[in-house]
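# Observations on chain architecture
Letter by letter, the chains look like this.
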Amino acid sequence: MNTSALENYILKTADDLLVLGHRHSEWTAFGPVIEEDIAFCSMAQDKVGQAQALYNVLHTTFGYDHPDTLAFLREEGKYTCAQLVELPNGGYDTSLMRHFLFDHAERVRLASLVSCPFEPLANLAKKFKGEVEYHVLHANTWIDQLGNGTEVSKARMQTALDELAPYALGLFEAIEGEQELVEQGVVVSEQDLQAQWQAAIDPILEKAGLAAPDWSSITPVVGGRKGYHSEYLAPLVKEMSEVLVIDTEVEW
Amino acid sequence: MVTEQEIWTALDSVMDPEIPKLSVVDLGMVSSISIDESGAAEVEVTPTFAGCPAIDFIKRSIRDAVVELGVESVTVNVNFDRQWNSNMISEKGRALIKDWGLAPPPVHDGYISLDVLQNVACPHCDSRNTTMQTPFGPTLCRSIHYCNNCSQAFEQFKPVTSG
Ligand SMILES: [Zn+2]
């Protein structure tokens, strides 16, 4: 097994969850209705918890730093999240659409990892799957309601979709060594995951009256997996680690 | 020497801080208990949710309960080797959840759909004329519903799958 590629695979999966979890948490007390406020808080908690469990595998199995150090004390260029998750929340339309695009991707990724021969990762995938079902359910409900809502809500969801589509494709940017991992049956290729993802979301978008993008004609926004990020990640990392850096040695 | 059964019994009084009538055993969080020849005890625990904020507290409470039995060496391992799902809640646990005013999770077949979440039996009047308001509630394990029969909102300990 290509261990360093596997480590990077776990790291990018964790980084996506950590950063999106933080973005979700920014809705706390700002949701359009209290139920949505609670929904985004809950999903944030799930995602940050999942990230922590993945960092913990890197820590205990591969000798990486403590999960807190990994989460909060890396330089921006060491994060390997996709740029999709770094973008500011924007309006509720944009946040919902990102949540929809991301969670369907997470769902197919987790389903593919359930049979991963590296057991600690397979175990986490089995656990997270049940949690993400609720995230997907939540996203699907709102995409349907707002897509089939008023002219205004439909137009706003379509705009959000069109803006986020190139970033969403960046979730499937391959990491170095992926080919080897695929050949060894450790992970499913990003290309296959993307195909499964499109097959899952296109019918939901259609049913919501939204025009699914012509995915093959879109240029994905890549670079995140190699540590190249949007202007939004550095300030976010600074904010996430603000309390911890006051005293990194303190006992909580 | 303390037996495994005695430890199981002791852990039956370690409560979930969110529903303090429900023990970690009834909740299905305790995967296994073992005692080696030297009398050292090892307890395997699996979190209900990856982001469960109470897990460190629960871990300490379990440790304290075993120490109280006179076991000198106690190790509590929290891991995902066995993945919790809501079918692991015992019958007694389900009754306690209802007693606490929450709808217990229906036993699922590994698949959650919107249909499963609609028409949950109201814990106040048992009517199934209910609707789900939102799949997320005040804690990670709860959803919020409304009973059209007795006109009360209620929470459900929601069904969660694994595997
Ligand atoms: Zn009722």
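These figures come from a predicted structure and were not determined experimentally. (Residues numbered from 1 in each chain as written. Chains lettered and ligands numbered in written order. Predicted model: local features only at pLDDT ≥ 70, side-chain atom pairs only at ≥ 80, totals over all residues. Heavy atoms only, no water.)

## Here's the deal with the domain arrangement of chain B
Residue and element names in this part refer to chain B. Each domain of chain B was delimited in the assignment, giving domain 1 (4-84) and domain 2 (101-157). On a C-alpha basis, the centroid separation for the pair domain 1 and domain 2 is 28 Å. Facing the 8 residues of domain 1 at the interface are 6 residues of domain 2. Summed over both sides, the interface of domain 1 with domain 2 buries roughly 520 Å², with 79% coming from carbon and sulfur. Three residues, Glu18, Ile19 and Phe49, lead the burial of domain 1 against domain 2; their summed loss comes to 72% of the area buried on that side. Summed over the shared surface of domain 1 and domain 2, the result is 0 salt bridges. Our enumeration of links across domain 1 and domain 2 arrives at 1 residue pair in polar contact (both at pLDDT 80 or more). For the side of domain 1 that touches domain 2, a count of residues per class yields 6 nonpolar, 1 polar and 1 charged. (Domains from an automatic or database assignment. Contact = heavy atoms within 4.5 Å. Buried area = accessible area lost by both parts, 1.4 Å probe. Salt bridge = Lys/Arg side-chain N within 4 Å of Asp/Glu carboxyl O. Polar contact = N/O pair within 3.5 Å; in protein donor to acceptor, adjacent residues only side chain to side chain. Nonpolar A, V, L, I, M, F, W, Y, C, P; charged D, E, K, R; others polar.)

## Details of the coordination of the zinc ion
Residues and elements named next belong to chain B. Of the protein atoms, only Cys122 (SG), Cys125 (SG), Cys147 (SG) and Cys150 (SG) coordinate the zinc ion, at distances of 2.3 to 2.4 Å. Between consecutive donor residues of the zinc ion, the sequence gaps follow C-x2-C-x21-C-x2-C. A residue pair is termed long-range when its members are at least 10 positions apart, and Cys122 in the loop between helix H5 (114-117) and strand S7 (130-134) and Cys150 in the loop between strand S8 (142-147) and strand S9 (152-157) qualify at 28 residues. (Donors = N, O, S within 2.8 Å, 3.2 Å for Na, K, Ca; no water. Helix = DSSP H or I, 4+ residues; strand = E, 2+ residues; numbered from the N terminus.)

## Some thoughts on the pattern of salt bridges
Residues and elements named next belong to chain A. By the definition in use, this model includes 16 salt bridges over all chains. Between Lys12 and Glu190 there is a salt bridge whose closest N-O contact spans 2.9 Å. Within this pair, whereas Lys12 is found in helix H1 (residues 3-25), its partner Glu190 is found in helix H8 (residues 190-207), the two being separated by 178 residues in sequence. Both residues of the pair, Lys12 and Glu190, belong to the buried class. Note that Arg156 and Asp93 form a salt bridge whose closest N and O atoms lie 2.8 Å from each other. Placement of Arg156 in helix H6 (residues 151-169) and of Asp93 in helix H4 (residues 92-113) is noted, with a sequence separation of 63 residues between them. Here the salt bridges do not stand alone but share partners, grouping Lys12, Arg109 and Glu190 into one network. (Buried < 20%, exposed > 50% of the residue type's maximum accessible area, 1.4 Å probe, protein only.)

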